[in-house]
Amino acid sequence: MASTRSTTVVPELSLPSGNARPVPVIGLGTAAIFLPPEATKNVVLAAIELGFRHFDTAYFYGTEKPLGEGVAEAVRRGLIKSREEVFVTSKLWCTQCHPDLVLPSLRETLENLQMEYLDLYLIHMPVCQKPGPPVFPARKEDALPFDFKGVWQAMEECQRLGLARAIGVSNFTTKHLDKTLPFATITPAVNQVELNPVCQQPKLRRYCAEKGIHVQAFSPLGGQSWTGERNAVLESQVLAEIAKARGKTVAQVLMYYIFS
Ligand SMILES: NC(=O)c1ccc[n+]([C@@H]2O[C@H](COP(=O)([O-])OP(=O)(O)OC[C@H]3O[C@@H](n4cnc5c(N)ncnc54)[C@H](OP(=O)(O)O)[C@@H]3O)[C@@H](O)[C@H]2O)c1
């Protein structure tokens, strides 16, 4: 039975390349590597009930399966009519950044999600590690040169086959984009990077604006503390003062910053 809870309408924007549906400007990240899968699935369901229609996952997070299950359950419960109503991003991990592994890796991701296509497929980072299961932290001895041309051409094939409606990159600097764009017949639709008042990336944002690449923010609240270190963004004294003066929370100030 459909929920009676009210939902919020989030504005959407069209990506500069690819055939993806417009992307809601606020999405739910699922880098929930310490959450049990059932909890991730329930978070996704609750988010859909609240109005979220944009979800970010990655092969590396191990959350593709519970995200897919959450979306499927939302369809069964009538919260959404079909998977078409959500925008789903996933990412190619460093161990998969080999031209011949890109397409099989996307197929594995789709199998995990139980979906026929991704709205957006990103190269997680410009790092190549020897093939195999993800190893974190990365081992120096596993590092290999990154084949920008070969990997990007394989990403383009994913879009041509319709398995990814748009393709892009993540954690790419201007130098990494300089190594990719000369070979690109499809310009990356997105560069997903850390963006918040402590990490403003002005040069990269200008570069991407010139090249027609949409910059997508991750860790807008300063990121999760996986090792117990303090969050320099959420605990910033300056931001606390701004929030107090405006009668807002620091998190609200940070979301305002991203859209200003
Ligand atoms: N492409 C990449 O390499 C990359 C890297 C990092 C993240 N991402 C994506 O971006 C998503 C979000 O990034 P993130 O999880 O690293 O960081 P974030 O969104 O900046 O969140 C950081 C922390 O903020 C806290 N928080 C959340 N809502 C809050 C609120 N209303 N008030 C106060 N604190 C609040 C949470 O801490 P508590 O848990 O303590 O509440 C959360 O762990 C990830 O899930 C992932 O999908 C991508």
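Residues numbered from 1 in each chain as written. Predicted model: local features only at pLDDT ≥ 70, side-chain atom pairs only at ≥ 80, totals over all residues. Heavy atoms only, no water.

*Asks:* Go over the overall build of the chain, please, and point to the residues and values.
*Replies:* The number of helices and strands found in the chain is eight helices and eleven strands. Against the compact-globule benchmark of 18 Å for 260 residues, the chain has a radius of gyration of 18 Å, which places it among compact chains. When its C-alpha atoms are laid out on the principal axes, the chain stretches across 50 × 45 × 35 Å. When each of the 260 residues of the chain is scored for burial, the buried share is 44%. Expressed as a percentage of contacts within the chain between residues at least 6 apart in sequence, the contacts between residues at least 24 apart total 69%. (Helix = DSSP H or I, 4+ residues; strand = E, 2+ residues; numbered from the N terminus. Rg over C-alpha atoms; globule rule 2.2 N^0.38 Å. Buried < 20%, exposed > 50% of the residue type's maximum accessible area, 1.4 Å probe, protein only. Contact = heavy atoms within 4.5 Å.)

*Asks:* Run through helix α8 (residues 250–259), naming residues and quoting values.
*Replies:* Because an α-helix completes one turn every 3.6 residues, residues spaced three or four positions apart along the sequence face the same direction. Along α8, the residues that are buried comprise V250, V253 and L254. What you see down the axis of α8 is that its buried residues fit within an arc of 100°, all on one side. On its buried face, α8 is in contact with α7 (237–246). (Arc of directions from axis to C-beta.)

*Asks:* Give a detailed account of the site of the ligand, specifying residues and quantitative values.
*Replies:* Of all residues adjacent to the ligand, which total 19 residues, the nearest are D56, S170, Q192, L221 and Q224. Here an oxygen atom of the ligand sits 2.7 Å away from a polar atom, N or O, in the side chain of D56. Contacts to the ligand include L221, whose backbone N or O atom sits 2.7 Å from an oxygen atom. Computed on the free molecule, the ligand has an accessible area of 900 Å², of which 58% lies beneath the protein chains in the complex. Of the residues that constitute the shell around the ligand, the class distribution is seven nonpolar, ten polar and two charged. (Near = heavy atom within 4 Å. Polar contact = N/O pair within 3.5 Å; in protein donor to acceptor, adjacent residues only side chain to side chain. Areas by Shrake-Rupley, 256 points an atom, 1.4 Å probe, with all protein chains shown as cover. Nonpolar A, V, L, I, M, F, W, Y, C, P; charged D, E, K, R; others polar.)

*Asks:* Please set out the packing of helix α3 (residues 99–113) against helix α4 (residues 148–160) residue by residue, giving values where relevant.
*Replies:* With their axes 8 Å apart at the nearest point, α3 and α4 run at an angle of 30° to one another. The angle between α3 and α4 falls in the class roughly parallel. Handedness of the crossing formed by α3 with α4: right-handed. Each of P99, V102, L103 and L106 in α3 lies in contact with α4, whose residues at this interface are G150, V151, A154, M155 and C158. For the contact of α3 with α4, a count of residues per class yields eight nonpolar, one polar and no charged. (Axes fitted to C-alpha atoms, helices over the stretch in contact; angles between N-to-C directions. Parallel < 35°, antiparallel > 145°, perpendicular 65-115°, else oblique. Left-handed = near helix turned anticlockwise from the far one by under 90°.)

*Asks:* Before we move on, could you go through the nonpolar core and cite the residues and values that matter?
*Replies:* Ranked by size, the top nonpolar core spans 46 residues in total, and within it I48, Y121 and I123 carry the most contacts. Where this core is concerned, the elements lending two or more residues are α1 (37–50), α2 (64–76), β5 (87–92), α3, β6 (120–123), α4, β9 (167–170) and α6 (202–211). At six residues, α4 tops the list of elements feeding residues into this core. Counting nine residues, the second-largest nonpolar core is a separate cluster that includes L15, A20, L120 and L122. (Core = buried A, V, L, I, M, F, W, Y, C linked by side-chain atoms within 4.5 Å.)

*Asks:* Outline the pairing of β9, listing residues and values.
*Replies:* Within a regular strand, side chains alternate between the sheet's two faces. By the alternation rule, side chains of β9 split into I167 and V169 and G168 and S170, which are all buried. Bridge analysis of β9 against strand β10 (residues 190–194) gives two bridges, and the strand direction is parallel. The residue bridging S170 from the neighbouring strand is Q192, located in β10. Regarding topology, helix α5 (residues 174–180) serves as the crossover connection from β9 to the parallel β10, and that connection is right-handed. (Pairing = 2+ DSSP bridges. Right-handed = clockwise from strand over helix to strand, strands pointing away.)

*Asks:* Talk me through the domain arrangement of the chain; I want residue IDs and the actual numbers.
*Replies:* Under the domain assignment, the chain is made up of domain 1 (12–219) and domain 2 (231–260). Computed over C-alpha atoms only, the centres of domain 1 and domain 2 are separated by 27 Å. Taken together, the contact pairs nine residues of domain 1 with eight residues of domain 2. Both faces considered, domain 1 and domain 2 share a buried interface measuring about 670 Å² in area, 78% of it formed by carbon and sulfur atoms. The interface formed by domain 1 and domain 2 contains zero salt bridges. Across the contact surface, domain 1 and domain 2 share zero residue pairs in polar contact (both at pLDDT 80 or more). Tallied by class, residues from the side of domain 1 that touches domain 2 come to six nonpolar, two polar and one charged. (Domains from an automatic or database assignment. Buried area = accessible area lost by both parts, 1.4 Å probe. Salt bridge = Lys/Arg side-chain N within 4 Å of Asp/Glu carboxyl O.)

*Asks:* Describe in detail the pairing of β5, supporting the description with residues and values.
*Replies:* In terms of residue burial, β5 counts as a mostly covered element, since six of its six residues are buried. Two strands pair when backbone bridges link them, and strand β4 (residues 54–56) and β5 are joined in this way by three bridges, in the parallel orientation. Counterpart to H54 in the pairing with β5 is F87. Bridge count for β5 against β6 is four bridges, and the pairing is parallel. Each residue of the ladder has a partner; that of K91, found in β6, is L122. Each parallel crossover has a hand, and the one from β5 via α3 to β6 is right-handed.

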